[in-house]
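# Remarks on the overall topology
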Amino acid sequence: MKKFISGMFSTLFLVFNISTAFSQGLDPILIDYPDSIIINANVVSMDDAGINENVGATYQAMAIRDNRILKLGTTNEITALAGPDTTVYDVGGRTVVPGIIDTHAHIWQYAQSHWGPKLGNQFDITAEDGETWQDVIDKTLKLASDVKQQFEPDEWVLINWPRKVAGLDKNVAIRTHQIMTRQMLDEANSTQRIAILGNRGVMNTLAMETYGTYFNGDYPPEIDPETGIVISATVYRHLFAEELYDLTATMAMIEQEIREWTAYGTTTFSSSIESFRQMTAVLALDKEDRLATRVAYGLGNTFYITMKFHPYLGYDFVGYGTDKLWFNAWSTTSNDGAYPLISSTIEAPPEIKERELLRSRVPFTGEFASQGVRFSNTHIAGDRTLDITMDMIESGSAQAGLSLEEIRAKRHGSDHCNLNPRPEQIPRLKRLGMIMSCTPMYIARTNAVEIAEEYGEQYLEWLVPMRTILEGGVLGVYESDSHQIAGTGHYYFLSQMVNRINIEGKVIAPNQRINRIWALKTATTWAPYYLHMENEIGTLEEGKFADIQVLDKNYFDENAVPDLMLKTVRPLMTLVGGEAMYLDPHLASELGREPVGIQPQQVIRQIAEWEAEAPR
């Protein structure tokens, strides 16, 4: 009996080893079936990273297993791999491209405004025709006084002001002219926490003190202690997260917002995290596998201000995390203000120059570099701000003893390109290996008109100057920086780099137009370099994550989709790691499946309007 048992185990051991050896020698495709396949497609890999019009290899089909692209080939080749449980997506010849990588989006803020529970403590002050800022001030102080009877002591009361009144921008009125101060609010109401919201705002003393508690009661950062003027929207992003919503609500809002963005083709985005609760919420969502896209995060002002209490945060751990969530950079959040509160080298009248803003937090850029960590995910609008940021990176890196190649390996970033870089800055950016993350949103916003009026039309060449950047050998990538995506989709923004049409319908700085291939590369092929993830995402290659869009139109066919109609392209399906996070009802019907995700009704309506207006 013992001999039989011994022989049986010897046979099993031999069979196991033969089986193992056999399987190790086989093509892994034959060991298991794909989870899903996409067939009858125009698969455009975008795997040529050159600054050229080559889209890379093209295929008819792909197989996906364990979140990654297993095989690319013909429809017949890929169909032959399918097993009984393989999901088949026959997309009927539609174009398939990598998912959109958005390198700068304030998802947490959009989540609060879009999906947050309605707040009964938020009010809007408006200005009628002929009214002045003094009228707005009078209305505000009356409201602040009246709400004393409506709310409990210490409750928050949030007030929105109009952007412009009598031609004067709100941010300039508050910061430069100090038309409202905490003393004025205190006199009207010192019982509740009163805050005027915006990139520039004002708090009463009670609200200031509450914010200060997050920093051990020290001087509250980003607030003028004398006037109570808030000089950064990060203050409110922090307070909304910490004061107005609990963790469960915060998680639910963020989860929903990220899921919504998959309907626009987003498979990865990068954002600066600016509060402890946001960080907790995102980590928890990742742990519970509730993130619909990949998220690269920078640590913003709340964290660097408290860095001295967390010395381990001084290490460069770019790329550390999970497949869905990883650290991207240290960030000051912004080194100057949003237009018109930028910092430029352009000569202009005194009333223009006096409003220009360079933040006191800028030296932190040098501190990051001196510790050998990566700096990115940061708002840098004016060209002077970019000069100083590069100064800080160079001087800090010298303190750290870094060689030029080590500096270049960091791939420090600058976000927005609102009025930078100027042409003379390109060689320095190239030498430092910096990456420019640019938002075409500014081309179609009012500040494009204002730049021409206030600084000179020639400086529109510095507004998202993508051709100058790319032809100068600097990597330029795409960012949205706007919840306007919910009304237009990403392809509207990509088309702005191609067409450069401002809010008045005029083509501005036409020399900065780029072709549609380059535009898509900024959001796919080149974008992962900003995230240090170029080996994992951004192109459709075997072994990379299956982050994919199936488009409703052939983006590459200039006859079917002229440049002016690129904005009408949208995804019908978005896969993240091979899982359908968004599936349009029409394509779902063709596939015999149920729709998936949040349907982008605003985008669909807007595209229908554009198509109806198009010349026949």
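Since this is a predicted model, take the numbers as computed values, not measurements.

Attention now moves to the overall build of the protein chain. A tally of regular secondary structure across the protein chain gives 24 helices and 25 strands. With the principal axes as the frame, the protein chain shows a C-alpha extent of 95 × 70 × 55 Å. Scored against the burial criterion, the 616 residues of the protein chain give a buried share of 58%. Contacts spanning at least 24 positions in sequence make up 76% of the contacts within the protein chain whose residues lie at least 6 apart. Approximately 24,600 Å² of the protein chain is accessible, and the part contributed by carbon and sulfur atoms is 51%. Placing the 52 positive and 80 negative side-chain charges of the protein chain at their respective mean positions leaves the two points 3 Å apart.

Read across the open sheet, the five strands follow the order β9-β10-β13-β14-β15; overall the sheet is mixed. Unpaired on one side and paired on the other, β9 (122-124) and β15 (229-230) mark the two borders of the sheet. Bridge count between strand β13 (residues 193-196) and strand β14 (residues 201-203): two bridges; the pairing is antiparallel. Bridging from a neighbouring strand, A195 pairs with M203 of β14.

Before going further, it helps to spend a moment on the layout of surface pockets. Counted as a void, the largest pocket has a volume near 1,500 Å³. Lining the largest pocket are 48 residues, with Q109, G198, N199, A233 and R237 positioned closest to its centre. Those elements that provide at least two residues to the lining of the largest pocket are α3 (107-115), α5 (170-175), α8 (234-244), β20 (413-419) and α17 (446-454). With six residues, the top contributor of residues to the lining of the largest pocket is α3. Taken together, the residues that form the lining of the largest pocket break down as 15 nonpolar, 23 polar and 10 charged. Approximately 420 Å³ is the volume attributed to the second largest pocket. Lining the second largest pocket are 18 residues, with Y492, I501, L564, K567 and W610 sitting closest to its centre. Residue assignment for the lining of the second largest pocket shows that the elements contributing at least two residues are α20 (490-499) and α24 (601-613). Among the elements that make up the lining of the second largest pocket, the one with the highest residue count is α20 (four residues).

Take the environment of M436 next. Looking at where M436 falls in the secondary structure, it is placed in strand β21 (residues 435-438). With relative accessibility at 0%, the residue M436 sits in the buried group.

Let's shift gears to the side chain of Q192. With respect to the element layout, Q192 can be found in the loop between α6 (182-188) and β13. A polar contact of 3.0 Å, which involves the side chain of Q192, links it to the backbone oxygen of F151. In this structure Q192 touches V147, K148, F151, E152, P153, D154, E155, V157, N204 and L206, once residues within four positions along its chain are discounted.

Another point: the pairing of strand β5 (residues 68-73). The sheet contact formed by strand β4 (residues 61-65) and β5 spans five bridges and is antiparallel. Its bridge partner lying in β5, A61 is registered against G73. The loop that links β4 with its antiparallel partner β5 comprises two residues; one of these, D66, has a positive phi angle of about 50°.

We now examine the packing of aromatic side chains. Per the counting criterion, the structure on display carries 16 aromatic pairs. Taking 6.2 Å as the distance between ring centres and 85° as the angle between the ring planes, the aromatic pair formed by F123 and F151 counts as edge-to-face. Within this pair, whereas F123 is found in strand β9, its partner F151 is found in the loop between α4 (133-146) and β10 (156-160), the two being separated by 28 residues in sequence. Taking the centre distance of 5.4 Å and the plane angle of 15° together, the rings of Y492 and W610 count as stacked. Of the two residues, Y492 is situated in helix α20 and W610 in helix α24; the sequence distance between them amounts to 118 residues. With relative accessibility at 14%, the residue Y492 sits in the buried group. Residue W610 is classed as buried on the basis of its relative accessible area of 10%. Ring pairing ties together the aromatic residues Y297, F317, F327, W330, F368 and F375, which thus form one cluster. A cation over an aromatic ring shows up here: R68 above the ring of F545, its NZ or CZ 3.9 Å from the ring centre.

Glycine aside, residues mostly have negative phi angles, and peptide bonds mostly take the trans form. A cis geometry characterises the amide bond from Y339 onward to P340, with omega recorded as 15°. With an omega dihedral of -5°, the bond running from N420 to P421 counts as a cis peptide bond. With respect to the helices and strands, the residue P421 is situated in the loop between β20 and α16 (426-432). For D289, which is not glycine, the phi torsion reads 55° and is therefore positive. With respect to the helices and strands, the residue D289 is situated in the loop between α10 (276-287) and β17 (294-299). Positive phi outside glycine occurs at V464, with the angle close to 45°. Residue V464 is classed as buried on the basis of its relative accessible area of 1%.

Rules and cut-offs
Residues numbered from 1 in each chain as written. Predicted model: local features only at pLDDT ≥ 70, side-chain atom pairs only at ≥ 80, totals over all residues. Heavy atoms only, no water. Helix = DSSP H or I, 4+ residues; strand = E, 2+ residues; numbered from the N terminus. Buried < 20%, exposed > 50% of the residue type's maximum accessible area, 1.4 Å probe, protein only. Contact = heavy atoms within 4.5 Å. Areas by Shrake-Rupley, 256 points an atom, 1.4 Å probe, with all protein chains shown as cover. Lys, Arg positive; Asp, Glu negative; His and termini not counted. Charge placed at Lys NZ, Arg CZ, Asp CG, Glu CD. Pairing = 2+ DSSP bridges. 1 Å grid on protein atoms, 1.4 Å probe; cavity = no way out; pocket = protein on both sides within 12 Å on 5 of 7 lines; lining within 4 Å. Points joined across faces, edges and corners; volume = space filled by probe spheres on them. Nonpolar A, V, L, I, M, F, W, Y, C, P; charged D, E, K, R; others polar. Polar contact = N/O pair within 3.5 Å; in protein donor to acceptor, adjacent residues only side chain to side chain. Phe/Tyr/Trp six-rings, centres within 6.5 Å; stacked < 30°, edge-to-face > 60°. Lys NZ or Arg CZ within 6 Å of the ring centre and 35° of its normal.

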